[in-house]
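Descriptive analysis of the structure
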Amino acid sequence: MPKNHLKIPSANQPQISDVVVTAVAFGGKGVGRVDGKVFFIADAIPGDTVDIEITADSGRYADAKILRLTNPSPLRGTSPCQFSDRCGGCQWQGIPYEQQLAWKRQFVETALGRIGRVEAAVPVAISGSPGTLGYRNRIFVRGVFAADGGVTFGYFRRGSRDLVPIDRCAIAGGTINQILNHLGSVRFSRPEALRAVTPYRMEIQEISAQLGLLGTGQDPQVIITVYPPSPDCRDLDAFVDGLRATPGVFWVGLIRDLKAAPLILFEQDPGPNGLRYHTRPGQFQQVNVAHNRIVRSLVHELVEGYKPARVLDLFCGSGNLSLGLARSDRYVEGSEFSEAAIATARENVRINKITNALYLAGSSEKHLWKCAKKGEQFDVVIADPPREGMFKDLIPLQKIGAKAIIYVSCDPATMARDLGALIRGGYQLKFVRAFDFFPNTWHVETVSVLEKVV
Ligand SMILES: C[S@@+](CC[C@H](N)C(=O)[O-])C[C@H]1O[C@@H](n2cnc3c(N)ncnc32)[C@H](O)[C@@H]1O
């Protein structure tokens, strides 16, 4: 076993040899200790021995990058993706899936204990994704044009603006890869104009065939949203026209075209009367559809357990988690910042002929205060906040009398902070389950249930 020792550091870029990585921290960095100091090492995993260079030093701990992987961890297997070592996307390709799940479960447990100061009274389980490759229904890529009008697509190398060319992405859906591959051989017109605006950003999103809109088509298709460097830039118009003529592209537009973008069916619950979920280009939508279905049905099962008459869905997006909960004897109210998402939620209500649901645009915190001031009561609250977590003021939550809160999180640290506060505010943690929406990366989602202590 190599012994950790400090090398004489150079003035600007201190380097340390033979650091043994013993753990992984949330955010995906490997953790190594040298003389009591903790190093968070990008791209390192437990079992690695590495020579590192410090990139940021905060005294008792420092960030570092690998200079040399002197002894790779036995957990490092062969990556199914030829770009994963440099594209900035998946840090954990090639690592056994069970190990990835174990680390993610540990992130949640550690955050609950250290940040939330939540007693380990509730065991944390984790559910793996139905698929570990090809699971993303949308990706953001960058493109650069060549003099002949050909395009090279790629991702930025982590922490840089260097383009790593790709012709496929192992975690993207099959149709996305077909389109990417095809576009690599297309020559677009007006290359002189196009070269001026690179590298530009573009979102490719896979959708199921739009039955009824395209006649008999059964094959999935894509929608493409192109983000020019400025809203009035016309340089990408010719590129967009070229994309429009590409087989398999259902809709393509620039961000300024989003207002005129069509409503798109992206998912349907099983059965002839299954709920139909719609979206519009540019709107938030869960990227792992199969896993989202599992989480949504768990949330429904948990909510049903409380037999609520009134459910409040905070940070509701276009109604993903709550549309299916509305019934003649149960009222659902949703609140969400994005007016566009709320417009789609309302279209989902109309198309599915849902009668007892109301979706309102605005800050969820303000909405909750309004409900509290009006004396409105809700039996169950669903909260699915962004990475920053929920708001700090819990008084309105207490005032609306929620018996249970179903907290859905994409960040264990802010979740642990919020759960800790809710527990100290009179709720009891009853259930925690982590979900892997993003295999081969360090990201983890969690569903928790808090019950009001009576
Ligand atoms: C993680 S997404 C969840 C969306 C939805 N529950 C779903 O499953 O598709 C978080 C949502 O919160 C919204 N949001 C962010 N900050 C907000 C705030 N302060 N008030 C209301 N909504 C907010 C975002 O626009 C986004 O749609």
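All figures in this text were calculated on a predicted structure; none of them were measured in a lab. (Residues numbered from 1 in each chain as written. Predicted model: local features only at pLDDT ≥ 70, side-chain atom pairs only at ≥ 80, totals over all residues.)

Before going further, it helps to examine the overall build of the protein chain. Regarding its fold elements, the protein chain presents nine helices and 21 strands. Compactness check: the protein chain gives a C-alpha radius of gyration of 24 Å against a globular reference of 22 Å for 454 residues, within 12% of the reference. Along the first, second and third principal axes, the C-alpha atoms of the protein chain reach 70 × 60 × 40 Å. Relative to its full complement of 454 residues, the protein chain shows a buried share of 39%. The long-range share in the protein chain, meaning contacts at least 24 apart out of those at least 6 apart in sequence, stands at 61%. (Helix = DSSP H or I, 4+ residues; strand = E, 2+ residues; numbered from the N terminus. Rg over C-alpha atoms; globule rule 2.2 N^0.38 Å. Buried ≥ 20, exposed ≤ 12 C-beta atoms within 10 Å, placed from the backbone. Contact = placed C-beta atoms within 7 Å.)

With that settled, the discussion passes to the pairing of strand S8 (residues 151–156). As paired strands, strand S7 (residues 138–145) and S8 are joined by four bridges and run antiparallel to one another. The residue bridging Arg-142 from the neighbouring strand is Gly-154, located in S8. Adjacent in sequence and paired antiparallel, S7 and S8 are bridged by five residues, among which Gly-149 carries a positive phi angle near 90°. Taking the residues that link successive antiparallel strands as the turn, the S8-strand S9 (residues 163–165) hairpin has six residues, and the phi of Gly-159 there is positive, at about 70°. (Pairing = 2+ DSSP bridges.)

Close to the ligand lie 17 residues, the nearest being Phe-315, Gly-317, Asn-320, Phe-337 and Asp-384. Considering only residue class, the shell around the ligand consists of eight nonpolar, six polar and three charged. (Near = placed C-beta within 6 Å. Nonpolar A, V, L, I, M, F, W, Y, C, P; charged D, E, K, R; others polar.)

Pairing within the open sheet is mixed, and its eight strands lie in the order S6-S20-S21-S19-S18-S15-S16-S17. On the outer flanks of this sheet lie strand S6 (124–127) and strand S17 (357–361), each paired with one strand and no other. Recorded for the sheet is a direction-independent mean angle of 15° between the axes of neighbouring strands. Relative to strand S20 (residues 427–435), S6 runs parallel, the two being bridged by four bridges. Each bridged residue has a counterpart across the sheet, and for Ser-127 the counterpart in S20 is Phe-435. On the sheet, helix H9 (residues 412–424) packs against strand S19 (404–409), S20 and strand S21 (445–452) and is oriented at approximately 165° with respect to S19. (Axes fitted to C-alpha atoms, helices over the stretch in contact; angles between N-to-C directions.)

What follows concerns the nonpolar core. Counting 107 residues, the largest nonpolar core has Val-381, Ile-405 and Ile-406 as the members making the most contacts within it. Ignoring anything within four residues of it in the chain, the contact list for Val-381 reads Leu-312, Leu-314, Leu-397, Ala-402 and Ile-405. (Core = buried A, V, L, I, M, F, W, Y, C linked by C-beta atoms within 7 Å.)

On to the domain arrangement of the protein chain. On domain assignment, one finds that the protein chain holds domain 1 (15–71), domain 2 (109–130 + 287–452) and domain 3 (138–266). Placing the centre of domain 1 and that of domain 3 at their C-alpha centroids yields a distance of 37 Å. (Domains from an automatic or database assignment.)

Chain-level pLDDT for the protein chain is 90 on average; 94% of the residues reach the 70-or-more range. Confidence drops under a pLDDT of 50 for residues 1–10, and excluding neighbours within four residues, the segment shows 19 contacts in the predicted structure. A low-confidence stretch, residues 212–216 stays under pLDDT 50, and its non-local contacts, those more than four residues away or across chains, total one contact. (pLDDT = per-residue confidence, 0-100.)

Taken in spatial order, the five strands close into a barrel running S1-S2-S3-S5-S4, and their pairing is mixed. For this sheet the average axis-to-axis angle between neighbouring strands, irrespective of direction, equals 50°. Of the strand pairs in this sheet, strand S1 (residues 15–24) and strand S4 (residues 49–57) are connected by four bridges, and their pairing is antiparallel. Bridged to Val-19 within S4 is Val-50.

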